[in-house]
Amino acid sequence: MAPHPIFAKQAQKAKGFCTALLAITALVATTHAALAAPRHAPAPAPATAPSFTAEQADHGAQIYAGTCAMCHGAALEGAHDMPPLRGLFVARWANTPLNKLYAYITHAMPLMAPGTLPPQDNIDIMAFLLRENGTEPGHTPLPADENRLAQMVFPAPNALPPVKAAPPGKAPRTR
Amino acid sequence: MKRRNLFAASLAAGALAAGRKSWASVPEAAQAMGRTAPPGTVPPLTPARVHADQIMDIKVCLRPFRPAGPRLEIEPVADKIVVHNYGHGGSGWSLSWGSAAMAVERAAPLMEKRVAVIGCGIIGLTTAITAQRAGMNVTIYARDMLPHTRSVRANGSWTPDSRIALITAATPDFAATWERMARYSWQTYREYLGLPGNPVDFRDNYILSDTPPDEADHTEPAPDISKGSYASTGMPQSEAEFAKYGDRIKDIIPAAELLAGADNPFPVAYARRKPIMIYNFGAFGHALLSDFYQAGGRIEIREFHSPSEVADLPERVVFNCTGYAARDLWGDKSLIPVRGQTAWLPPQPAANYGVRYKGAAMLSKSDGLMVQGVNLSGLGELEGVGNSMEQPNRAEAEQAVAVFEDLFSRFRPRRG
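What you are looking at is a predicted structure, and each value in this text was computed from that prediction instead of being measured.

S.K.: Explanation requested: helix α5 (residues 98–108) of chain A in the structure shown.
M.R.: In an α-helix, one turn spans 3.6 residues, which is why side chains three or four residues apart end up on the same side. Residues and elements named next belong to chain A. Buried within α5 are the following residues: Leu98, Asn99, Leu101, Tyr102 and Ile105. Buried residues of α5 fall within an arc of 160° about the axis and therefore sit on the same side. For α5, the exposed residues set more than 90 degrees away from the buried face come down to Lys100 and His107.

S.K.: Help me out: how do you make sense of the packing of aromatic side chains in this one?
M.R.: Given two aromatic rings, one states the distance between the centres and the angle between the planes to describe the pair. Residue and element names in this part refer to chain B. Under the counting rule described, the total for this entry stands at 25 aromatic pairs over all chains. Ring centres of Phe174 and Tyr245 lie 5.8 Å apart, and the angle between their planes is 70°; this geometry places the pair in the edge-to-face category. Taken together, the residues Phe174 in helix α5 (residues 174–190) and Tyr245 in the loop between α6 (230–233) and β7 (257–258) connect sequence positions 71 residues apart. Using a relative accessible area of 6% as the deciding quantity, one classes Phe174 as buried. Taking the relative accessible area as the measure of exposure, Tyr245 reaches 11% and is therefore buried. Three or more aromatic residues joined by ring pairs make a cluster, and in this case those are Trp93, Trp97, Tyr189, Tyr192, Tyr279, Phe281, Phe284 and Trp344. The residue whose ring lies beneath Lys59 is Trp344, and the NZ or CZ to ring-centre distance is 5.2 Å. Its guanidinium or amino end placed over the ring of Phe304, Arg302 lies 4.3 Å from that ring's centre, counting from NZ or CZ.

S.K.: How do you make sense of the packing of helix α3 (residues 54–72) of chain A against helix α6 (residues 119–132) of chain A when you look at a structure like this?
M.R.: In a pair of packed helices, the angle between the axes and the distance between the axes together describe the arrangement. Residues and elements named next belong to chain A. Between α3 and α6, the shortest axis-to-axis distance is 7 Å and the interhelical angle comes to 105°. One element, α3, and the other, α6, form an angle in the roughly perpendicular class. Contacts between α3 and α6 involve Ala54, Gln56, Ala57, Asp58, His59, Gly60, Ala61, Ile63, Tyr64 and Cys68 on the former and, on the latter, Gln120, Asp121, Ile123, Asp124, Ile125, Ala127, Phe128 and Arg131. Grouping the amino acids of the contact of α3 with α6 by side-chain chemistry returns ten nonpolar, four polar and four charged.

S.K.: Any chance you could explain the environment of Glu303(B) here in plain terms?
M.R.: Residue and element names in this part refer to chain B. Topologically, Glu303 is positioned in the loop between β9 (298–301) and β10 (317–320). A C-alpha to C-alpha distance of 4.8 Å links Glu303 and Arg143, two positions 160 residues apart in sequence. Beyond its immediate chain neighbours, meaning those up to four positions away, Glu303 contacts Arg143 and Glu309.

S.K.: Just checking my understanding: could you explain the sheet that holds β9(B) for this structure?
M.R.: Strands in a sheet are paired, the pairing made by backbone hydrogen bonds, and the direction either parallel or antiparallel. Residue and element names in this part refer to chain B. Spatially, β2-β3-β10-β4-β5-β9 is the arrangement adopted by the six strands of the open sheet, whose pairing is mixed. Two strands close off the open sheet at either side, each with one partner strand: β2 (74–77) and β9. Going from strand to strand, the sheet's axes swing by 25° on average, the running direction of each strand aside. Where strand β3 (residues 80–84) meets β10, four bridges bridge the pair, whose relative direction is parallel. Note that in β10 the partner of Val83 across the bridge is Phe319. Sheet strands in contact with helix α3 (residues 92–107) are β2, β3 and β10, and its direction is about 160° off that of β10.

S.K.: Hey, could you run me through the side chain of His88(B) in this one?
M.R.: Residues and elements named next belong to chain B. Here His88 lies in the loop between β3 and α3. For His88, a relative accessible area of 2% translates into the label buried. Of the polar contacts made by the side chain of His88, one reaches the side chain of Ser99; its length is 2.7 Å. Apart from the residues lying within four places of it in its own chain, the contact partners of His88 are Pro64, Pro70, Leu95, Ser99, Ile123, Arg163 and Ile164.

Calculation rules
- Residues numbered from 1 in each chain as written.
- Chains lettered and ligands numbered in written order.
- Predicted model: local features only at pLDDT ≥ 70, side-chain atom pairs only at ≥ 80, totals over all residues.
- Heavy atoms only, no water.
- Buried < 20%, exposed > 50% of the residue type's maximum accessible area, 1.4 Å probe, protein only.
- Helix = DSSP H or I, 4+ residues; strand = E, 2+ residues; numbered from the N terminus.
- Arc of directions from axis to C-beta.
- Phe/Tyr/Trp six-rings, centres within 6.5 Å; stacked < 30°, edge-to-face > 60°.
- Lys NZ or Arg CZ within 6 Å of the ring centre and 35° of its normal.
- Axes fitted to C-alpha atoms, helices over the stretch in contact; angles between N-to-C directions.
- Parallel < 35°, antiparallel > 145°, perpendicular 65-115°, else oblique.
- Contact = heavy atoms within 4.5 Å.
- Nonpolar A, V, L, I, M, F, W, Y, C, P; charged D, E, K, R; others polar.
- Pairing = 2+ DSSP bridges.
- Polar contact = N/O pair within 3.5 Å; in protein donor to acceptor, adjacent residues only side chain to side chain.

See below:
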């Protein structure tokens, strides 16, 4: 199972050392309390995890800066009357098939001229949004194919692990 | 022509022409300071009755000043995620909604529906409501409920960059963070205008002076280098060390205008008028609590004695909105107390305005006429810094009251 994205970099560093297993175990143990426990996560793995390239995200960032940032903010922060594209955005789109986000961006955005961006720009904007919200780029590009997008969901890499039902009388507490 | 010379000239002209000091009668001088109020726009003002024997309460608060600016980061504690939201100095009321939005934004990717808020001051309540509006179920854990929190011992007006950070201690990107907070808050507060009981309202604030507003006694004294600075002493030593960001949002904040000559109803040479946003504690606190309960919020009274006690909470995401209490509870020794005191006289709805004069402020609110020494000692932003004396100082209150007693004893009301 892939390490939790938050720990992926650290875990990678530990690879190759004879202490790798120990290191990862210790890492997971110490951070389990803190953030998330991939070992307990019941792998909600969709048919295909979203994958995109850094080039796509970089291009998406350019399109974003020119077309989207005027409303959603240079840092995707939104404003009082403008939805942010980070933070709450993750909560709103997490686990939703990516073809739905793609369809929304394609049909509704940019608000002042909906549907005017070429498909590849919209795909790359999605790659940019994925990266800005904690998903690491990879080698496989995000496809401009709605059927394949339908097999992927918007990830919530920082979500806390599901709560395990505690045995009665015992508080689920880690000190 | 330098502004100071302009004012000197206008002063002379005014004195010659009318026998009364008035600088805005010279258009050039007015232009240098901003717009002059159109004649007739100053309504007949009922003088305020400000006397020491009318004081009904003296409240003291400790502003939670954090030189680096408010703490907004995420910290894992035990098996919880703590989202900090405290340390807003003299700007907690003003920045509350924006700071709450940022805290909730940080928490949202954790995808947790059920969250806790520690603290029920203005930061705790606005954070709780903002979390509800983002779809979370919220329980507030607090030692004290609103009437007893430090928040309601403030003066309750829009002061978004009052002791909010030190220039050298804040990160370079804090200015942009501040601006976002301030804009978000300002817009949210506007939603409460015009509601029953006027939880949020505006007052005309008259800023008075016997000397031209750009004279030496209105400018910050040069820093005394022998005293050192925050970097060398751990305490700010001059006003110039405090960050000021107000210019970043002047496009949405009503500006001051001059009251020229006969339009100036006050017995002082120089008067400006600026509409300011105020918070009426009773009505606004009630509105917030009602909103919170109606959205299904729950409040549990409990005191925390150490950060590890958050482990006992059933919620896994905890917003820490403990204000000055974070100094002891979370061991944040960077928090510096800044003492502030307000005296409260009976409400005077007929005198429905504010005045700033000789280092004192008066503000007519629905729950009382507030009188505060804001700069009686001439220390400016340094006044009260490092002072954690939370007991009332009657002499200071009477000194501030005396400023307005004197002013209004010389006031000659006009009949409309």
